[in-house]
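# Examining the three-dimensional arrangement
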Amino acid sequence: MNCNKQYIISAISAVLMATGASQAMAAIDSYTIETIWHEPDTQPRDTIFLGSFDYDNATKTVSNLKGILSESMTGNSVAYPHDNMTWLTLDYQLVSWYDSSLGGTFAATFKNNNTNTFWTGMGGDGWSPQSGVDAGGVYYGFPRAGNNPGNAYALVFIPDDPLQTLSQTQINYLAYADCAAGGMMGAVCMTGTSAQAYGSVGTMSGYPVSQSISAIAAVPEPSAYAMLGIGLGLIGMAARRRRQG
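Given the structure is predicted, the values throughout are model-derived calculations rather than measurements. (Residues numbered from 1 in each chain as written. Predicted model: local features only at pLDDT ≥ 70, side-chain atom pairs only at ≥ 80, totals over all residues. Heavy atoms only, no water.)

### Structural notes on the sheet that holds strand S3 (residues 61-71)
- Overall, antiparallel pairing links the five strands, which are arranged S4-S3-S2-S1-S11 in an open sheet. Among the strands making up the open sheet, the edge pair consists of strand S4 (86-90) and strand S11 (207-216). Strand-to-strand twist across the sheet, computed as the mean angle between neighbouring axes with direction ignored, equals 20 degrees.
- In the sheet, strand S1 (residues 28-38) pairs with S11 via nine bridges, with the strands oriented antiparallel. Note on S11: the bridge partner recorded for Ser30 is Ile216. (Pairing = 2+ DSSP bridges. Helix = DSSP H or I, 4+ residues; strand = E, 2+ residues; numbered from the N terminus. Axes fitted to C-alpha atoms, helices over the stretch in contact; angles between N-to-C directions.)

This is the structure in structure tokens:
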């Protein structure tokens, strides 16, 4: 009887350890994010990105970044959250990289399923904030207006500890571009950049001012429930053996 009891205790301990190890190995948490670019020329409306993402603490990888981006040139003269601005859906995280000098991960989510945003006549990559500044904010496909794909994106920065408040240097690198209909001024897309990071503010003088991140409560994975069920079953078995003994 003592042998069986010891076996059951050992089995329960193994299950609980495995459950904990499974959760630790996952190490992926979900967050909401709000990023704001101040727009001096469209006050009281600012450009705002509201979204969510997953973050792997072990690899410092951002995934599933998506959300909505306000077009501050649209709507009445009413500030968020009581605004009636047009909001663009950004569903495609197409770019991400780790920056050891800043201590975090950049990620960009786009309106279109490609990065074609800015004119490449200046030799840029067609999307990055610096390429946008170098191209004067002119849309991809210029000079034919019909070639404008109407793309938009938000570039955010996730520090190694996602809940850590960003430094001013980190904030300076946040950027957005809006080449959709509500963000166009002739051939120029509305953008938000800082002079400190990219050499110029946005095409409507917009620049990044803040970013806040909040954790989403974790939901246990199905495997954790299964292991917990096994553990409870073993505990029940031990209780029955005690009653029979």
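Text resumes after the structure shown.
### A look at the side chain of Ser131
- Following the sequence through the fold, Ser131 ends up in helix H2 (residues 129-134).
- Filtering out sequence-adjacent residues up to four positions away, Ser131 remains in contact with Phe118, Gly124, Asp125 and Gly126. (Contact = heavy atoms within 4.5 Å.)

### A few points about the packing of aromatic side chains
- Enumeration according to the criterion identifies 14 aromatic pairs in this entry.
- Their ring planes at 70 degrees and their centres at 5.7 Å tell us that Phe110 and Trp127 sit as a pair that is edge-to-face. Within this pair, whereas Phe110 is found in strand S6 (residues 104-110), its partner Trp127 is found in the loop between S6 and H2, the two being separated by 17 residues in sequence. In this structure, Phe110 and Trp127 share a single accessibility class: buried. (Phe/Tyr/Trp six-rings, centres within 6.5 Å; stacked < 30°, edge-to-face > 60°. Buried < 20%, exposed > 50% of the residue type's maximum accessible area, 1.4 Å probe, protein only.)

### Quick look at the state of the cysteines
- Enumeration over the complete set of coordinates arrives at one disulfide.
- What pairs with Cys179 in a disulfide is Cys189, and their sulfur atoms sit 2.1 Å apart. Taking the torsion about the sulfur-sulfur bond, which here is approximately 105 degrees, the covalent link between Cys179 and Cys189 counts as right-handed. Of the two residues, Cys179 sits in the loop between strand S8 (175-178) and strand S9 (184-185) while Cys189 sits in strand S10 (residues 188-192), which places them 10 residues apart along the sequence. No difference in accessibility class separates Cys179 from Cys189, as the two residues are buried. (Disulfide = S-S within 2.5 Å.)

### Some thoughts on the confidence of the model for the protein
- Of all residues in the protein, 78% have pLDDT values of 70 or greater, and the mean over the chain is 88.
- Counting contacts from residues 21-25, a segment whose pLDDT is below 50, to residues more than four positions away or on other chains yields three contacts. (pLDDT = per-residue confidence, 0-100.)

### Quick word on the pairing of strand S2 (residues 47-56)
- A large share of S2 lies buried, amounting to eight of its 10 residues.
- Sheet topology places S1 next to S2; 10 bridges connect them, and they run antiparallel. Its bridge partner being in S2, Asp29 is matched across the sheet by Tyr55.
- Bridging between S2 and S3 involves seven bridges; their strand directions are antiparallel.

### Digging into unusual backbone geometry
- Of the consecutive residues Tyr80 and Pro81, the connecting peptide bond is found in the cis state with omega at 15 degrees.
- By secondary structure assignment, the location of Pro81 is in the loop between S3 and S4.
- In this chain, Phe142 is followed by Pro143 through a cis amide linkage whose omega measures 20 degrees.
- The residue Pro143 is located in the loop between H2 and strand S7 (152-159) in this model.
- At Ser205, a residue that is not glycine, the phi angle is positive and equals roughly 75 degrees.
- With respect to the helices, strands and loops of the structure, Ser205 is situated in the loop between helix H4 (195-198) and S11.
- Given a relative accessible area of 31%, Ser205 falls into the partly exposed group.

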